[in-house]
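Examining the three-dimensional arrangement
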Amino acid sequence: MSAEEAPDLTHVRRMWAEDQASAGLGIEALEVGVDLAGGQRLGHARTRMTVVGTMVNGHGIMHGGFLFTLADSTFALACNATGRPTVAAGADITFLTAGRLDDVLVAEARERITYGRSGITDVTVNRESDGAVVAEFRGRSRSLPPR
């Protein structure tokens, strides 16, 4: 992408700075950007979170809701990267292996396609230490109409 096509990430950076839920869980934004693919500008993002004691359930593994939140926060960064205020219309997650206390999880999101005000974004959550895929998330987004 040339300098004149470089994305304005002001909107997504402001959104992230005001995201108290993600901050409270210790989710770090590692990367946010925009790619050109098939004539479309599509967002991507990468985040990281450490599994702490308050995230572990009665089975001694990470509660699925916290794993979903990590993926959802990463999804939000990716689908807002192009500058259009965007929210989730729905999402599904498949848990593949357990996160455990002190695991560091890295989530990577890529918008796959946008059409009109709708879009699809995939997020993969890996354990940093061994690269194991912990979960796969597919989010459906909807950009908000202009005010």
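Here we summarise the structure given alongside this text. As a convention, each chain's residues are numbered from 1 in the sequence order in which they are written. Thresholds applied to this predicted model are a pLDDT of at least 70 for local features of residues and 80 or more for the giving and counting of side-chain atom pairs; totals over whole chains, interfaces and linings are not thresholded and use all residues. The basis for the side-chain values is all heavy atoms of the structure; hydrogens and waters are excluded.

1. Concerning the side chain of Ser118
Applicable threshold: Each helix corresponds to a stretch of at least 4 residues labelled H or I by DSSP, and each strand to a stretch of at least 2 residues labelled E; elements are numbered beginning at the N terminus. Think of a polar contact as two N or O atoms within 3.5 Å of one another; within protein, one of them needs to be a possible hydrogen donor and the other a possible acceptor, and neighboring residues in sequence only count if both atoms come from side chains. We call two residues in contact when some of their heavy atoms are within 4.5 Å.
With respect to the helices and strands, the residue Ser118 is situated in strand β5 (residues 118-127). A distance of 2.9 Å separates a polar atom in the side chain of Ser118 from a polar atom in the side chain of Arg142. In this structure, Ser118 is in contact with Ile113, Ser141 and Arg142, ignoring residues within four places of it in sequence.

2. Looking at unusual backbone geometry
Of note in the backbone geometry, Asp102 takes a positive phi value of approximately 75° without being a glycine. Here Asp102 lies in the loop between β3 (86-95) and β4 (104-115).

3. Some thoughts on the packing of aromatic side chains
To keep things clear, this is the line we draw: Any pair of Phe, Tyr and Trp rings, taking the six-membered ring for Trp, is counted once the centres come within 6.5 Å. Such a pair is stacked with planes under 30 degrees apart, edge-to-face with planes over 60 apart, and tilted for the rest.
According to the stated counting rule, one finds two aromatic pairs in the structure shown. Arranged with centres 5.7 Å apart and planes meeting at 55°, the rings of Phe75 and Phe137 form a pair that is tilted. Note that Phe75 is positioned in helix α3 (residues 64-80) and Phe137 in strand β6 (residues 133-143), a separation of 62 residues in sequence. An aromatic cluster is built from Phe68, Phe75 and Phe137, whose rings are joined through pairwise contacts.

4. Quick notes on the nonpolar core
Going by this rule: Working definition of a nonpolar core: buried Ala, Val, Leu, Ile, Met, Phe, Trp, Tyr and Cys residues. They are joined through side-chain atoms within 4.5 Å. Think of it in three bands: with a 1.4 Å probe and only protein chains considered, a residue is buried below 20% of the maximum accessible area for its type, exposed above 50%, and partly exposed in between.
Met62, Leu67, Leu70, Leu105, Val123 and Val125 are the most contacted members of the largest nonpolar core, which has 27 residues in total. Look past the residues within four positions of Val123 in its chain and what remains in contact with it is Ala71, Thr74, Phe75, Ala107, Glu108, Ala109, Ala135, Glu136 and Phe137.

5. Description of the pattern of salt bridges
Selection rule: Salt bridges are counted wherever a side-chain nitrogen of Lys or Arg sits within 4 Å of a carboxyl oxygen of Asp or Glu.
One pass over the full model with this rule turns up nine salt bridges. Residue Asp35 is joined to Arg110 by a salt bridge in which the shortest nitrogen-to-oxygen separation is 2.7 Å. Residue Asp35 is located in strand β1 (residues 28-37), and its partner Arg110 is located in strand β4; the two are separated by 75 residues in the primary sequence. What makes Arg110 partly exposed here is its relative accessible area of 36%. Shared partners join several salt bridges into a network, and the residues in it are Glu28, Arg48 and Glu128.

6. Some points on the packing of helix α1 (residues 10-17) against α3
In a packed pair of helices, the relevant descriptors are the angle between the two axes and the axis-to-axis distance. The criterion, for reference: Axis definition: a line fitted to C-alpha atoms, over the contacting stretch in the case of helices. Angles run 0 to 180 degrees between N-to-C directions. When an angle is under 35 degrees it counts as roughly parallel; over 145 it counts as roughly antiparallel; between 65 and 115 it counts as roughly perpendicular; any other value is oblique.
At their nearest, the axes of α1 and α3 sit 9 Å apart, and the two run at 155° to each other. On the basis of their axis angle, the class for α1 and α3 is roughly antiparallel. For the pair formed by α1 and α3, the contact residues are His11, Val12, Met15 and Trp16 on the first element and Ser73, Ala76, Leu77 and Asn80 on the second.

7. Here we look at the environment of Phe66
Within the secondary structure, Phe66 sits in helix α3. Phe66 sits 41 residues away from Leu25 along the chain, and the two C-alpha atoms are 8.4 Å apart. If we ignore the near neighbours within four places in the chain, the residues touching Phe66 are Leu25, Met49, Thr54 and Met55.

8. Side note on α3
The criterion, for reference: One less than the residue count of a helix, multiplied by 1.5 Å, gives the span that helix is expected to have.
Helix length check: α3 (17 residues) gives 24 Å between terminal C-alpha atoms against 24 Å at 1.5 Å per residue, within 8%. By the burial criterion, the buried members of α3 are Leu67, Leu70, Ala71, Ser73, Thr74, Phe75, Leu77, Ala78, Cys79 and Asn80.

9. Some thoughts on the pairing of strand β2 (residues 40-50)
The condition that has to hold: For two strands to pair, DSSP has to find at least two bridges joining them.
Two elements, β1 and β2, share nine bridges in a ladder whose sense is antiparallel. By the bridge assignment, Glu31 is partnered in β2 with Arg46. Between the end of β1 and the start of β2, which pair antiparallel, lie two residues, with Gly38 showing a positive phi angle near 60°. Summarising the sheet, β2 and β4 pair through seven bridges and their orientation is antiparallel. Bridged to His44 within β4 is Arg110.

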